[in-house]
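# Fold and geometry: a report
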Amino acid sequence: MVADTVTAVRLERPGPRSQERATWLDVTDPWRVFFPMGVALAWAAVLHWLLFSVGLTGDYRAVFHATVQIQGFMTAIAMGFLYTFVPRRTGTSPPSRAEWLVGAIAPLAVALAAWLERRVVAQALWICAIAALARFVVRRLRSPGAARRVPAVFLWVVAALLAGIVGAVLVATAAILGPQDEPELWQLGRGLLFQGFVSALVVGVGGTLLPTLLRGEPVPAPASPPPGELAAHAIAVLLFLASFPLEIFLAPRFGLALRAAAAGGVLALAAQLWRRPSAPGLHRRLIWLSAWLLPAGYALAAAAPTVRVAALHVVFIGTFALMALSVSLHVALSHGGDPGRLARWPWQTWSMGLLLIASLVFRFMAGIDAAHVASWLGPAAASFLLATVAWGSLVARAILRRPTRG
């Protein structure tokens, strides 16, 4: 019974459909464009590291890499997911054509601006896209009865958008003033943007979706979240956001520890992560693992500040990338007419998971073995890119299949 329920789940109920055939760029199926675009941007962010490791380029453009991974790859995946999930869960309309276009164009434009080292332009473009996404989410949550369909933990999604916008503003301001002159402002902005934005999304979306995705638990009946629960999440969000200035200006280790406790603790409680996945399908085990790596990575960074950068890649690759590819795999197959494959353990999913874990290990070593950075970045980049190839080979047919209404 659990297998039947979870295999067929399509991120909640789809809206009513007419009998005509839909266009491939239908706004009701934004994931068809946003997911492959996100993976293409991941290639843009990572491929030059592979080229650097074999001596074909002279530098590895760390700022470009981080910017495109978060503000390109992760942003495109997040937009594709939220544009799909929010209307279905709240019973509201899909994104408008204008919202769809802003979301589709901005990550590509950000990547181009980052490559040209136009950092202020990149942040301005990204802020426009996230502001449009925030407007989309908030307006649908304010629709009559919509807020009753999402749990209190979804407040973290709003916090993620806020953290991203504030972080981008700070990064742009520091770029104008000069990161060398305002290093704390630069670090605070990058923390909120590169860590806060996606971590809060993981908590908000994971706390909402993982009980059903991992264990086949039914979606709760619409009900207003208890005020006490909303207040508890608001306090946890404030503690999470406060961890960033605390890390930069007062106590680095305590700030990271607070981040691990606030984000990891809420995610573990909301999704009941101590319960192992019971629904069939390897990708669900990968999602469960990625959720645990969020507090683990931050806790490791707090416990061993000398390997902070390496430890944060436990979060970046182990949580952000692994969860993004695994959840997008679920969305693509369930909405793309191939839900039966979700209950299986195909070689593509095995390969994706093992390659991302290998990428994490190699990237961790690059962070602790500075004398041989290029030697570690090469296999880290190659493993990551091969993981996306495995992902693509599994979901390509679902993505390319022309959607049919009816």
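Residues numbered from 1 in each chain as written. Predicted model: local features only at pLDDT ≥ 70, side-chain atom pairs only at ≥ 80, totals over all residues. Heavy atoms only, no water.

## Remarks on the overall build of the protein chain
Per the secondary structure count, the protein chain includes 13 helices and 0 strands. When the helices and strands of the protein chain are placed in sequence order, the string is α-α-α-α-α-α-α-α-α-α-α-α-α. A globule of 406 residues ought to have a C-alpha radius of gyration of about 22 Å, and the protein chain, at 20 Å, matches this closely. Dimensions of the protein chain, computed from C-alpha atoms along their principal axes, come out at roughly 60 × 45 × 40 Å. (Helix = DSSP H or I, 4+ residues; strand = E, 2+ residues; numbered from the N terminus. Rg over C-alpha atoms; globule rule 2.2 N^0.38 Å.)

## Section: the pattern of salt bridges
Per the counting criterion, the structure on display carries 8 salt bridges. Residue Asp29 is joined to Arg32 by a salt bridge in which the shortest nitrogen-to-oxygen separation is 3.9 Å. One exposure class covers both Asp29 and Arg32, and it is buried. A salt bridge links Glu247 to Arg259; the nearest nitrogen and oxygen atoms lie 2.7 Å apart. In this pair, Glu247 is assigned in helix H8 (residues 227-250) and Arg259 in helix H9 (residues 252-271), connecting sequence segments 12 residues apart. (Salt bridge = Lys/Arg side-chain N within 4 Å of Asp/Glu carboxyl O. Buried < 20%, exposed > 50% of the residue type's maximum accessible area, 1.4 Å probe, protein only.)

## Considerations on the environment of Thr75
You can see Thr75 is positioned in helix H3 (residues 62-90). The class for Thr75 is buried, based on a relative accessible area of 1%. Remark: the alpha-carbon pair of Thr75 and Ala129, spanning 54 residues in sequence, is separated by 9.3 Å. When sequence neighbours within four positions are dropped, the list of residues in contact with Thr75 reads Ile70, Pro107, Trp126, Ile130 and Phe197. Of note is the side chain of Thr75, whose polar atom sits 2.9 Å from the side chain of Trp126. (Contact = heavy atoms within 4.5 Å. Polar contact = N/O pair within 3.5 Å; in protein donor to acceptor, adjacent residues only side chain to side chain.)

## Regarding helix H7 (residues 183-215)
Given 3.6 residues to a turn, an α-helix orients residues that are three or four positions apart in the same direction. Between the first and last C-alpha of H7 there are 45 Å, a value that for 33 residues agrees with the 48 Å anticipated at 1.5 Å per step. For H7, the principal kink sits at Leu209 and spans about 50°; a proline, Pro211, occurs within the next four residues. The buried fraction of H7 amounts to 29 of the 33 residues, a majority that puts the element mostly inside the structure. Just beyond H7, the residue with positive phi is Gly216, at close to 75°. (Expected span 1.5 Å × (residues − 1). Bend = angle between axes of the 7 residues up to and from the residue.)

## Details of the environment of Leu342
Structurally, the position occupied by Leu342 is in the loop between helix H11 (308-335) and helix H12 (347-368). Sequence-wise, Leu342 and Leu246 are 96 residues apart; in three dimensions their C-alpha atoms are separated by 42 Å.

## Concerning the packing of aromatic side chains
Scanning all chains against the criterion turns up 14 aromatic pairs. Each ring, one from Trp31 and one from Phe35, has its centre 6.4 Å from the other, and the planes form 45°; the classification is tilted. Of this pair, Trp31 and Phe35 both sit in helix H2 (residues 31-53), separated by 4 residues, roughly a single helical turn. A relative accessible area of 1% places Phe35 in the buried class. On the basis of an interplanar angle of 85° and a centroid distance of 6.2 Å, the ring pair of Phe73 and Phe384 is categorised as edge-to-face. Here Phe384 lies in helix H13 (residues 373-400) and Phe73 lies in helix H3, a separation of 311 residues in the sequence. (Phe/Tyr/Trp six-rings, centres within 6.5 Å; stacked < 30°, edge-to-face > 60°.)

## As for the packing of H7 against H9
In contact at an axis separation of 8 Å, H7 and H9 are set at 15° when each is read in the N-to-C sense. One finds that H7 runs roughly parallel with respect to H9. For H7 against H9, the interelement crossing comes out right-handed. On H9, the residues touching Gln195, Val202, Val203, Gly206, Gly207, Leu210, Pro211 and Arg215 of H7 are Arg259, Ala263, Val266, Leu267, Ala270 and Ala271. In the contact of H7 with H9, the residues fall into 9 nonpolar, 3 polar and 2 charged. (Axes fitted to C-alpha atoms, helices over the stretch in contact; angles between N-to-C directions. Parallel < 35°, antiparallel > 145°, perpendicular 65-115°, else oblique. Left-handed = near helix turned anticlockwise from the far one by under 90°. Nonpolar A, V, L, I, M, F, W, Y, C, P; charged D, E, K, R; others polar.)

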